[in-house]
Amino acid sequence: LALPGAKIRTFVCRPTKGATRDLVANAKSEPRQMIVPGPCAVVSAFLDGGFWSLTPDGEKNLPRNQVPDAVKAWRSRQFAKWIDVRSPLAGQPLGDEFEIVPVVDLAKVKTGDKASFRVLLAGKPVSGASVAIHHKVLGETDDRGEVRVKIRAQDVESVSASFRRPVTSPEADSEVYEASLTFEVAR
């Protein structure tokens, strides 16, 4: 699975102290990972998946107004974040358009423990977002944008969230937001 570098719009490092750094120019892309110069307390990336249309013959990476036989269409926006759980920045929102923020101190959460997470859209809690681990949906966020899930990994865990909201435009019927939060599990 190659990372689509041309679709990555932002890629930043926020160190515990100092200014946020843009990593796009200095990151090295490998088939399944990006290697960044550190140290970083938080690393965040935004991938603009563009417009997608569903047709009787499958999906096309084009807006609805360019696909005559489109059944439905959406805009894909994907956000990924890695945090150092020992950093004081670990529990703070980064400011991504769609993001997952831990509600608890993840430095104390071990395999088998439950942890609460908040999902934000434009900085505000969003209810009804699906939250998953390893592509298995474990719950939906409540009216505070929160969900509690059991941590399953032994060393590195990745929690993901997705949310679809309707839009009215010639290009799409909805916007699909996806976010992931990756962190080391306490031992």
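Nothing here was measured: the structure is a model prediction, and the numbers come from that model.

### Focus on the overall build of the chain
Step number 1: Of regular secondary structure, the chain possesses zero helices and 15 strands.
Step number 2: For the chain, the proportion of its 187 residues judged to be buried stands at 42%.
Step number 3: The long-range fraction of contacts in the chain, counting pairs at least 24 apart against all pairs at least 6 apart in sequence, stands at 56%.
Step number 4: When the accessible surface of the chain is split by element, carbon and sulfur atoms take 51% of a total near 10,300 Å².

### Some points on a positive patch on the surface
Step number 1: A surface patch of like charges, here positive, comprises Lys114, Lys136, Arg148, Lys150 and Arg152.
Step number 2: When you line up the elements, Lys136 lands in strand 12 (residues 136-140).

### Some remarks on the state of the cysteines
Step number 1: Evaluation of the coordinates by the stated rule reveals one disulfide.
Step number 2: Cys13 shares a disulfide with Cys40; S-S distance 2.0 Å. Here Cys13 and Cys40 share a disulfide; its torsion about the S-S bond, -115°, makes the bridge left-handed. With Cys13 in strand 1 (residues 8-14) and Cys40 in the loop between strand 4 (34-35) and strand 5 (42-55), the pair connects residues that are 27 residues apart, well separated along the chain.

### Some remarks on the environment of Pro102
Step number 1: Within the secondary structure, Pro102 sits in strand 8 (residues 98-102).
Step number 2: For the pair Pro102 and Arg148, spaced 46 residues apart in the sequence, the C-alpha separation amounts to 9.9 Å.
Step number 3: Apart from the residues within four sequence positions on either side, Pro102 is in contact with Ile83, Ala90, Gly91, Ser116, Phe117 and Leu181.

### A short note on the packing of aromatic side chains
Step number 1: Inspection of the entire model under this criterion finds three aromatic pairs.
Step number 2: With a centroid separation of 6.2 Å and an interplanar angle of 35°, the aromatic rings of Phe117 and Phe183 are classed as tilted. A residue pair is termed long-range when its members are at least 10 positions apart, and Phe117 in strand 9 (residues 114-121) and Phe183 in strand 15 (residues 174-184) qualify at 66 residues. Taken individually, Phe117 and Phe183 each receive the classification buried, so the pair is uniform in this respect.
Step number 3: Over the ring of Trp74 we find Arg164, and its NZ or CZ is 5.9 Å from the ring centre.

### Re the pattern of salt bridges
Step number 1: Summed over the entire model, instances satisfying the criterion amount to ten salt bridges.
Step number 2: Here Arg75 ties to Asp48 by a salt bridge, and the two come within 3.3 Å at their closest N and O atoms. One end of the pair, Arg75, is in strand 7 (residues 72-83); the other, Asp48, is in strand 5, and 27 residues separate them in sequence.
Step number 3: The closest approach of N and O atoms between Arg118 and Glu146, which form a salt bridge, is 2.4 Å. Of this pair, Arg118 sits in strand 9 while Glu146 sits in strand 13 (residues 146-150); the two residues are 28 residues apart in sequence, bridging distant segments of the chain.
Step number 4: Exposure remark for Arg118: the relative accessible area of 27% places this residue in the partly exposed category.
Step number 5: The exposure class of Glu146 is buried, given its relative accessible area of 13%.

### Let's talk about the confidence of the model for the chain
Step number 1: Averaged over every residue, the pLDDT of the chain is 90; residues scoring 70 or more account for 89%.
Step number 2: Put simply, strand 3 (residues 28-29) is where the chain has its lowest mean pLDDT, 64, and strand 10 (residues 124-125) is where it has its highest, 98.

### Digging into the pairing of strand 12
Step number 1: Here strand 11 (residues 130-133) pairs with strand 12 via four bridges, running antiparallel. Within strand 12, the position partnered with Val131 by the bridge is Gly139.
Step number 2: Linking two consecutive strands that pair antiparallel, namely strand 11 and strand 12, is a turn of two residues; a positive phi of about 55° is found at His134 within it.

### Quick word on unusual backbone geometry
Step number 1: One non-glycine residue, His134, lies in positive phi territory at about 55°.
Step number 2: Here His134 falls in the exposed class, since its relative accessible area comes to 56%.
Step number 3: The backbone of His135 shows a phi angle near 65°, a positive value even though the residue is not glycine.
Step number 4: Mapping His135 onto the fold places it in the loop between strand 11 and strand 12.
Step number 5: His135 gets classed as exposed once you look at its relative accessible area, which sits at 82%.

Rules of the game
Residues numbered from 1 in each chain as written. Predicted model: local features only at pLDDT ≥ 70, side-chain atom pairs only at ≥ 80, totals over all residues. Heavy atoms only, no water. Helix = DSSP H or I, 4+ residues; strand = E, 2+ residues; numbered from the N terminus. Buried < 20%, exposed > 50% of the residue type's maximum accessible area, 1.4 Å probe, protein only. Contact = heavy atoms within 4.5 Å. Areas by Shrake-Rupley, 256 points an atom, 1.4 Å probe, with all protein chains shown as cover. Patch = residues over 30% accessible without salt bridge, like charges linked within 9 Å, V, L, I, M, F, W, Y side chains within 5 Å. Salt bridge = Lys/Arg side-chain N within 4 Å of Asp/Glu carboxyl O. Lys, Arg positive; Asp, Glu negative; His and termini not counted. Charge placed at Lys NZ, Arg CZ, Asp CG, Glu CD. Disulfide = S-S within 2.5 Å. Phe/Tyr/Trp six-rings, centres within 6.5 Å; stacked < 30°, edge-to-face > 60°. Lys NZ or Arg CZ within 6 Å of the ring centre and 35° of its normal. pLDDT = per-residue confidence, 0-100. Pairing = 2+ DSSP bridges.

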